[in-house]
Amino acid sequence: MVPNEVLERFVQRERSARKEAERLLEERSRQLYQSNATLTQMAAALEDEVRRTQAIVETAAEGIITFDSNGNIESINCAAQQIFGYDFYVAIGKNICDLVPSAKFCDSSEGCAINLLAFSQSEHGGEIQGIKSDGTPIPLEIVVSEFTHAYRTSFTAMLRDLTRRKQLETQLAHAQKMESVGQLAAGIAHEINTPIQYVGDNTRFLKSAFDGIEQILQATDQLLSRCAQHAELESSVATLRALQESVDLAFLRDEIPAAIDQTLEGADSVARIVRAMKDFSHPGSEERMRVNLNRALENTLTVCKNEWKYVADLKTDFCEDLPSIDCLPGELNQVFLNLVVNAAHAIEAGMAARKASERGLLTVTTRLSDRWAVIEIADTGCGIPAAIQSRIFDPFFTTKSVGKGTGQGLAICYNVVVEKHLGKLFFTSTPGEGTVFHVWLPLASDAKSTVPPAAYPAVEYSSILQTE
Amino acid sequence: MNKIKILFVDDEVNILQALKRMLHTYRQEWEMTFCSNSEDALRLLREQPYDVLVTDIRMPHVDGSRLLFESFLYQPETMRCVLSGYADRDQAIKVAGTAHQFLSKPCTKDAIECMVQRAQQSSERLPPGEVRRAVARISAVPCRPTVLRELNRELQLEQPNLEVVASLIASDIGMSAKIMQLVASSFFGRCTAVFCPREAVALLGVELIAGLLSEMGIFTPLLVEKEILDIEALCESSMQEAHAARDASFAVDLNERTASIACISTYLRSVGTIVLAHLFSDQYRQVKQLVAQHGLETEQAEQRILGTTSSNVGGYLLAIWGFPQHVVDAVGGNLPDKRSVQCPMISC
């Protein structure tokens, strides 16, 4: 019986032990299951986090490039791809020095990253030049930072494209230059006008004085011929005649009035040029004002005569009925000046290309077309090659050699005509034959045109009374 | 006939000597004094009367605006003329009210001759006396109080609207006359003289007009009872008559220019009346009474009470302001000897 009991107890103990084991197993499985679920969750969350970070980097407005200490590019985001014009997989094979050559500054490759790092931390941490995939340079702002990952040092470069800012800066600098030139011109005009006033007055005095002297000389002639008949006066007459001969009095009497007239003509033409310059540049013209376009064009052609008179003849065909328009006179003058100077340069280039010496023709036309004032500036120059026609209004685009053009001229024209005056600016060009630039300006600048027309027609006094 | 007395002031001796030589031909008719020191000029102006003062603006010590102002105070009847090469905005605004005419350097002999003839002619229109002294001193023909209020309100805005300003000024006779006087000079305008008040405003620019109002208070409202003069109604009816004159000119096939002259002359015809009502409101009340009670013609009544007529006053004012001869004759009537000066309003 005892063994039975023992066996019984043994079985019982075994059973409870098994139960306990089963319970434990179950608990462990549950724990395992739970931790597995947590892990899956965590993995998903992590993956989500990574995607989020990637998305942030990818969609960042600024270019982000990472590279190792040898400069090998490890990642490049969308913005950076766009800035440089590289595809992701192409860029990955490149070195940072291919994109930012000035990083080559140091000898060792590692130095280049440090060099960039130092550059971005330096005081002028501003502009550095990058090279696009097509080889064009591009102004960049770069900030580089260092990070360590998996015991490896890498670098992150944040880049910003400065093209637009540079363009605005150039335009601002240009505007400031124009303003100071304008102020200077007004001052110079004043300085010139004072002497011109007395040069003119003195010359007019000489003219009327010489008229009087001429009358006296005529009377003297008569007196002299009568004196000659008297023997006792013969020697005196001979002396006087000899004196007249020696100063060539006949010549003086012919030439003095002519010299005076030419001097007056010269003084008038100086006064006209100065007036054109003053009108052209009148400072403080940020305000909208009514401007007679024909006169503005005349002024422009006068102030830049030196640019075209050696290469071209001028033909103007102005529509006299063209009404004055409200505009920004200073800026519009700048447009006309740019277009006329460009036309002159085109003619010069055309002459050089043909090795010809015959002069070109610069034609400036104004006309009315419905609700538009149309200005056409035509040249018989080299024309614009078809390949670059689409780019000529781009900022910084220029075909002129360094120092001759900023590439801003036509971009500024476009900005002034199209954006500031709601007008149109376009061209028609035949390579080898010439170009016509068309400026269309609305007669009424905006909704104000609904106001009834002026109560009185505008008439210039000069057309009624004979102004000089 | 008395010689016409002219004082030329410029700190540049060369300018004065050249003027002296060039104008030597007029020595029989003109008595000219040339003064290169503006302090001396100031003394001369206080000591003796001149018919015409021609002065530069920028001068050391006493500048042109000061001279003009002294003359304005002590010798109002002197015709005051600026002859300057350059003046900045502030200087220009300073003289806009005190000077009658504005010449810019370089100017021709004809321009100076024309200006002096204007002075002579104007004194024939209005003989020296109390009325002339008062008229020569006004900076601008008084304006409609309502329009002045509106104009001030508009100009106080951050960005005043050019069209609104132009319309307001065009709706007032006095403001129109002043703006047209200024814009015709190469000094204020750009040598583009026009017959249209709106055009004149556009050419001068809102900024300058705002300066004239805020810094110089150039326009004064006409504050007299309606019985003496109803300025609001007068401006409205003058505007209608001006339009009618224009239409009539077209109807008889006159050209655009002539029509414009007719139009603006008609519009400005009442400047004399407004000026008299402003300066001599009590006497003008009597004029009105005479007309109402005794059936006199206005001209007769004006002559009896004031010793001159409103058209004489208008003609005188527009002549010293350098308005074109056509307009002066239309407003003031032709001079008896039919002598008329054919010269531009302002040379440019």
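Residue numbers here run from 1 along each chain, matching the order of that chain's written sequence. Numbering of ligands from 1 and lettering of chains from A proceed in the order in which they are written. Note on the predicted model: pLDDT of at least 70 is required for a residue's local features to be given, and 80 or more for side-chain atom pairs to be given and counted; whole-chain, interface and lining totals, by contrast, use all residues.

A.B. asks: Explain the overall build of chain B to me, and be specific about the residues and the numbers.
C.D. replies: Helix and strand content of chain B: 18 helices and five strands. Scored against the burial criterion, the 348 residues of chain B give a buried share of 55%. A sequence separation of at least 24 residues applies to 68% of the contacts in chain B between residues at least 6 apart. Helix and strand definitions here come from DSSP, where helices need a minimum of 4 consecutive H or I residues and strands a minimum of 2 consecutive E residues; each element is numbered from the N-terminal end. Exposure classes come from backbone-placed C-beta atoms, where a residue is buried if 20 or more other C-beta atoms lie within 10 Å of its own, exposed if 12 or fewer do, and partly exposed in between. What counts as a contact is two residues whose backbone-derived C-beta atoms lie within 7 Å of each other.

A.B. asks: Would you mind going over the pairing of strand 9 (residues 360–369) of chain A in detail, with residue names and values included?
C.D. replies: Residues and elements named next belong to chain A. Inspection of the sheet shows strand 7 (residues 312–317) paired to strand 9 by six bridges, in the parallel sense. Note that in strand 9 the partner of Ala312 across the bridge is Gly360. Judged from the eight bridges that link them, strand 9 and strand 10 (residues 372–379) form a sheet pairing that is antiparallel. Its bridge partner lying in strand 10, Val364 is registered against Ile377. We call two strands paired when DSSP finds no fewer than two bridges between them. The hairpin formed by strand 9 and strand 10 contains two residues between the paired strands, and Asp370 there has a positive phi angle of roughly 55 degrees.

A.B. asks: Which residues make up the packing of helix 6 (residues 163–227) of chain A against helix 1 (residues 13–22) of chain B, and what are the values?
C.D. replies: A pair of packed helices is captured by two measures, namely the crossing angle of their axes and the spacing between those axes. Helix axes are fitted only over the stretch in contact, all axes being lines through C-alpha atoms; the angle between N-to-C directions runs from 0 to 180 degrees. Close contact between helix 6 of chain A and helix 1 of chain B brings their axes to 8 Å; oriented N to C, the two are set at 25 degrees. It follows that helix 6 of chain A is roughly parallel to helix 1 of chain B by the angle criterion. Helix 6 of chain A and helix 1 of chain B meet at a crossing whose hand is left-handed. Counting all contacts with helix 6 of chain A, which are made through Thr194(A), Gln197(A), Tyr198(A), Asp201(A), Asn202(A), Arg204(A) and Phe205(A), the residues of helix 1 of chain B involved are Asn14(B), Ile15(B), Ala18(B), Leu19(B), Arg21(B) and Met22(B). For this classification, the nonpolar set comprises Ala, Val, Leu, Ile, Met, Phe, Trp, Tyr, Cys and Pro, the charged set comprises Asp, Glu, Lys and Arg, and every other residue, Gly included, is treated as polar. Of the residues contributing to the contact of helix 6 of chain A with helix 1 of chain B, the split by class is six nonpolar, four polar and three charged. Here the angle decides the label: under 35 degrees means roughly parallel, over 145 means roughly antiparallel, 65 to 115 means roughly perpendicular, and every other value means oblique. By the definition used in this description, the sense in which the near helix is turned from the far one sets the handedness, with an anticlockwise turn below a right angle giving left-handed and a clockwise turn giving right-handed.

A.B. asks: I'd like to hear about the nonpolar core, residue by residue, with values.
C.D. replies: Defined on buried residues, the nonpolar core groups Ala, Val, Leu, Ile, Met, Phe, Trp, Tyr and Cys residues joined through C-beta atoms within 7 Å. Counting 156 residues, the largest nonpolar core has Cys81(B), Val271(B) and Leu318(B) as the members making the most contacts within it. Broken down by element, the residue count for this core peaks at 10 residues, all from helix 11 (residues 329–354) of chain A. Filtering out sequence-adjacent residues up to four positions away, Val271(B) remains in contact with Val141(B), Ile173(B), Ala177(B), Gly314(B), Leu317(B), Leu318(B) and Val331(B). Core analysis: the second largest hydrophobic core is formed by 21 residues, Ile73(A), Ala80(A), Ile142(A) and Leu159(A) among them.

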